[in-house]
Amino acid sequence: MDKFETLTGVAAPMPLVNIDTDMIIPKQFLKTIKRSGLGVNLFDEMRYDDDGNEIPDFVLNQPAYRSAEILVAGDNFGCGSSREHAPWALKDFGIKSVISTSFADIFYNNCFKNGILPIVLPQEQVDILMEDARKGENARITVDLENQTVTSSDGQSFGFEVDPFKKHCLLEGLDDIGLSLEKSASIDAFEAKAGQARPWV
Amino acid sequence: MTGKTLYDKIWDAHVAHEADDGTCLLYIDRHLVHEVTSPQAFEGLRMAGRSVRAPDKTIAVPDHNVPTTIGREDPEQMTEDSRIQVEALDKNAKDFGIHYYPVSDIRQGIVHIVGPEQGWTLPGMTVVCGDSHTATHGAFGALAHGIGTSEVEHVLATQTLIQKKSKNMKVEITGKLRPGVTAKDITLSVIGATGTAGGTGYVIEYCGEAIRDLSMEGRMTVCNMAIEGGARAGLIAPDEKTFEYVKGRPHAPKGAQFEAALDWWKTLYSDDDAHWDKVITIKGEDIAPVVTWGTSPEDVLPITGAVPSPNDFEGGKVEAAQRSLDYMGLEPGTPLSEIEIDTVFIGSCTNGRIEDLRAAAAILKGKKIKDGMRAMVVPGSGLVRAQAEEEGLADIFKDAGFEWRLAGCSMCLAMNPDQLKPGERCAATSNRNFEGRQGRGGRTHLLSPAMAAAAAVTGRLTDVRELM
């Protein structure tokens, strides 16, 4: 997995609340058996018209945001389906961090497995960063995972919380399956004990 | 010492390893797999030279992509990319030696219907699947939730999941339900009350007289949509109904093992002095038959209501409501019962079980669907379909003008040939009314099977009580 340390990049504003994973990557693109190549279909139904032409008003079609690396989004981002195709599509497009007041649980976890950092901040701070993002490509937001801060283009800095284990894995780009397999002895012991207590499982 | 919740008890019985910071490896008893969210996980195993740790606890079934029309064995019915995914699951199931119900097997169906039906899902278990509606299995008092594909790979390789504990929420539905009100109305009304993010960070336990009175099918409908309220999982404590449902299922314990299991299952309830981080209480008698008007499952109103105005909301929801109304093609103030529909879909992991088909058939008996209406029933599994045929329900549906389909996810998510066209408006018993969910530009109103049947007859969203 790619490491995430610090990032300074263009942030795209998406104030809509409840942006669901069907919006992030519609179902017709889930038929792939690969993880890559979904960026072109990110937000497909908001981004393209029925003939496949770009809708100029959509934020990621605007010149200032075509190379955005951060999204500042409305509440409850990533709700709905468990599809990991959502973070795969974001990552393939180039989005490395999403900032919102809250995320749906499964989407939040899926991000960390793909080197994307989701950041939860209070409404007032998201509002400030949303305004900053509206300034376009000259306003670059900085995310520092080690120090757990987000800094707006005019230097306002906000701290954020992140689970220490998730932070460690992201900073080091670790494969958590490998880490869990190191605990095989514990899993073996649990399996033996549980197998006796609940043999029907 | 404070008592434990049901969630606490199941959690404690499954911690295989706990790190100093509280990060746990939670042991997984049942891993359900379908064709859409698993190919990359199996590929990851192959690339790393890893095997499936517990193939006996891993059960696969194709459901999302499969056509539901008669003669679906014909490869022409599936698009090439769908066929590749289903074939990949065939191959992965064979290569890794996991339990498998192929399309040709009468036991095939929607993964969340097959699991309980075959007795894979049992009280007190941990159950995961790369699908958000895994919450369904919580109806048995199993801790069940959806996971992403990387986590699918993690569970395949280690039979565990890296987890931190969620908070406990109690949702109590007191008293009795009124006639015409169903499990679907309960679960939609709860989401309407809490919002789609109201459950984020929580595991919900549903309790109260109205929940106890539900059948297992109804309880599955309630838990199925816990995810739509943002919760990690939904749970209902097992009771005699649960044990009765489980007993004799192909993969349920038998004889002395069943008795031993029963002893443990009977301890699976929340203690009176357990700590709850949040409690919500709704009176059963206050719940009406409901429908959704917008593009989020929280956009719920009683069928007797009217389309709201964006000004009825605050904050970011104002813009979201305006966007929903534009997408849905609705004017504020329109009575919900005047909204005309052209399509009816009865099925899905939310409402594709036998009781759902009985409820819809009870409304349809001796009636015809409105002229020009496209209506389909998609049973949740081949066995549900067979039972419905045996009970004469299939004939009622067919006589009324419904298409009688084979099992699959069908129009719930339109990854298969069953889709809405732009502008079509559907009364659906499924779980999501998101933009494009049932097909690009398609408009979805969520409701119960009985309400869907009523809408099919009248051609508009209808208060089912008028037809009872």
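Structure: see above.
Computed from a predicted model, the values in this text were never measured in an experiment.

It is not clear to me how the interface of chain A and chain B should be interpreted in this structure. Could you clarify?
Frequently, the measure chosen for interface size is the accessible area that the parts lose on association. With 57 residues of chain A in contact, the opposing surface of chain B contributes 70 residues. Taking both sides of the interface into account, the surface hidden between chain A and chain B amounts to around 5,400 Å²; carbon and sulfur atoms contribute 57%. Among the residues of chain A in contact with chain B, Lys27(A), Lys31(A) and Trp200(A) are the three that bury the most area, contributing 15% of the side total. The interface formed by chain A and chain B holds 9 salt bridges in total. Taken together, the links from chain A to chain B amount to 29 residue pairs in polar contact (both at pLDDT 80 or more). Elements that contribute at least two residues to the side of chain A that touches chain B include exactly helix H1 (21-24), helix H2 (44-47), helix H3 (85-93), helix H4 (105-112), helix H6 (164-172), helix H7 (176-181) and helix H8 (184-197) of chain A.

Honestly, unusual backbone geometry in this entry has me stumped. Any pointers?
All names here are of chain B. Positive phi outside glycine occurs at Ser348, with the angle close to 90°. When you line up the elements, Ser348 lands in helix H12 (residues 348-351). Residue classification places Ser348 among the buried positions, given a relative accessible area of 1%. Of note in the backbone geometry, Ser410 takes a positive phi value of approximately 50° without being a glycine. Along the chain, Ser410 turns up in the loop between strand S17 (403-404) and strand S18 (425-428). The buried category is assigned to Ser410, whose relative accessible area is 0%.

Got a minute to help me understand the packing of helix H2 (residues 39-48) of chain B against helix H3 (residues 80-96) of chain B in this structure?
To describe two helices that pack against each other, one gives the angle between their axes and the distance between the axes. All names here are of chain B. Running from N to C, H2 and H3 point in directions that differ by 40°, and their axes come no closer than 10 Å. One finds that H2 runs oblique with respect to H3. H3 is crossed by H2, and the crossing has left-handed handedness. Residues Pro39, Phe42, Leu45 and Arg46 of H2 form the contact with H3, whose own contacting residues are Gln85, Lys91, Asn92, Asp95 and Phe96. Here the residues of the contact of H2 with H3 are counted per class, giving 4 nonpolar, 2 polar and 3 charged.

Looking at this structure, how should I read the packing of aromatic side chains?
Two numbers describe a pair of aromatic rings. These are the distance of the centres and the angle of the planes. Per the stated rule, a full pass over the model turns up 17 aromatic pairs over all chains. Among the aromatic residues, ring-to-ring pairing joins Phe77(A), Phe103(A), Phe107(A), Tyr108(A) and Phe112(A) into one connected group. One Lys or Arg, Lys165(B), reaches over the ring of Tyr7(B) and ends 5.2 Å from the middle of that ring. Above the ring of Phe313(B), the side-chain terminus of Lys317(B) is found at 5.9 Å from the ring centroid.

Before we go on, may I ask you to explain the sheet that holds strand S6 (residues 126-129) of chain B in this structure?
Residues and elements named next belong to chain B. In space, the 5 strands of this open sheet follow the order S5-S4-S3-S6-S7, with parallel pairing throughout. Every other strand in the sheet has two partners, leaving strand S5 (99-100) and strand S7 (143-146) as the edge strands with one partner each. Alignment of strand S3 (residues 30-33) against strand S4 (residues 58-60), held across 3 bridges, turns out to be parallel. By the bridge assignment, Val33 is partnered in S4 with Ala60.

Teacher, can you tell me more about empty space enclosed by the protein here?
To find leftover empty space, a probe the size of one water molecule is rolled over the atoms. All names here are of chain B. Inspection of the entire model under this criterion finds 5 cavities of 30 Å³ or more. One number sums up the size of the largest cavity: a volume of about 220 Å³. Lining the largest cavity we find 25 residues, and of these His64, Asp131, His133, Leu413 and Arg437 sit closest to its centre. Only helix H4 (111-117) and H12 provide two or more residues apiece to the lining of the largest cavity. Among the residues forming the lining of the largest cavity, the class breakdown is 8 nonpolar, 12 polar and 5 charged. The space that makes up the second largest cavity amounts to roughly 110 Å³.

So what exactly am I meant to see when it comes to the layout of surface pockets here?
Its volume calculated, the largest pocket comes out at about 1,400 Å³. For the largest pocket, the lining is made up of 47 residues, of which Tyr108(A), Asn109(A), Phe112(A), Lys113(A) and Lys166(A) are closest to its centre. Contributions of two or more residues to the lining of the largest pocket are made by H3, H4, H6 and H7 of chain A together with H2, helix H5 (149-158) and strand S8 (160-163) of chain B. Of all the elements, H2(B) adds the most residues to the lining of the largest pocket, at 5 residues.

Help me understand the nonpolar core in this model?
Across soluble globular proteins, nonpolar side chains have a tendency to be buried as a group. Phe43(A), Leu60(A), Phe77(A), Leu90(A), Phe397(B) and Phe402(B) are the most contacted members of the largest nonpolar core, which has 112 residues in total. Considering each element in turn, this core owes the most residues, 8 residues, to helix H16 (residues 449-458) of chain B. Those residues within four positions of Phe397(B) in sequence are excluded, and the remaining contacts are Ile346(B), Leu357(B), Ala360(B), Ala361(B), Leu364(B), Val377(B), Phe402(B) and Trp404(B). Grouped together as the second largest cluster of nonpolar side chains are 60 residues, Ile10(B), Ala183(B), Met220(B) and Trp265(B) included.

Honestly, H2(B) in this entry has me stumped. Any pointers?
In an α-helix there are 3.6 residues to a turn, and that puts residues three or four apart on one side. Every buried residue belonging to H2(B) is among Pro39(B), Gln40(B), Ala41(B), Phe42(B), Gly44(B) and Leu45(B), and all of these are buried. The inward-facing, buried residues of H2(B) contact H3 of chain A together with S3, H3 and H5 of chain B. Note on H2(B): the residue one or two positions beyond its end, Gly49(B), has a positive phi of about 70°.

Before we go on, may I ask you to explain the sheet that holds S8(B) in this structure?
The strands making up a sheet are joined through hydrogen bonds of the backbone, oriented either antiparallel or parallel. All names here are of chain B. The strand order across the open sheet built from 3 strands is S1-S2-S8, with neighbouring strands paired in antiparallel fashion. In the strand order of this sheet, the two ends are held by strand S1 (15-18) and S8, each with one partner. Sheet twist, expressed as the mean angle between neighbouring strand axes with direction ignored, is 25°. Sheet topology places strand S2 (residues 24-27) next to S8; 4 bridges connect them, and they run antiparallel. Across the sheet, residue Leu25 finds its bridge partner in S8, namely Ile162. Lying over the sheet, H5 contacts S2 and S8, oriented at roughly 130° with respect to S8.

Before we go on, may I ask you to explain the packing of helix H13 (residues 354-364) of chain B against helix H14 (residues 382-390) of chain B in this structure?
All names here are of chain B. Put simply, H13 and H14 touch, their axes get as near as 10 Å, and they point 40° apart. Comparing their axes, H14 and H13 come out oblique. Taken as a pair, H13 and H14 cross one another with a handedness that is right-handed. Contacts between H13 and H14 pair Ile354, Leu357 and Arg358 from the former with Val384, Gln387 and Ala388 from the latter. The class makeup of the residues in the contact of H13 with H14 is 4 nonpolar, 1 polar and 1 charged.

Criteria and thresholds
Residues numbered from 1 in each chain as written. Chains lettered and ligands numbered in written order. Predicted model: local features only at pLDDT ≥ 70, side-chain atom pairs only at ≥ 80, totals over all residues. Heavy atoms only, no water. Contact = heavy atoms within 4.5 Å. Buried area = accessible area lost by both parts, 1.4 Å probe. Salt bridge = Lys/Arg side-chain N within 4 Å of Asp/Glu carboxyl O. Polar contact = N/O pair within 3.5 Å; in protein donor to acceptor, adjacent residues only side chain to side chain. Helix = DSSP H or I, 4+ residues; strand = E, 2+ residues; numbered from the N terminus. Buried < 20%, exposed > 50% of the residue type's maximum accessible area, 1.4 Å probe, protein only. Axes fitted to C-alpha atoms, helices over the stretch in contact; angles between N-to-C directions. Parallel < 35°, antiparallel > 145°, perpendicular 65-115°, else oblique. Left-handed = near helix turned anticlockwise from the far one by under 90°. Nonpolar A, V, L, I, M, F, W, Y, C, P; charged D, E, K, R; others polar. Phe/Tyr/Trp six-rings, centres within 6.5 Å; stacked < 30°, edge-to-face > 60°. Lys NZ or Arg CZ within 6 Å of the ring centre and 35° of its normal. Pairing = 2+ DSSP bridges. 1 Å grid on protein atoms, 1.4 Å probe; cavity = no way out; pocket = protein on both sides within 12 Å on 5 of 7 lines; lining within 4 Å. Points joined across faces, edges and corners; volume = space filled by probe spheres on them. Core = buried A, V, L, I, M, F, W, Y, C linked by side-chain atoms within 4.5 Å.

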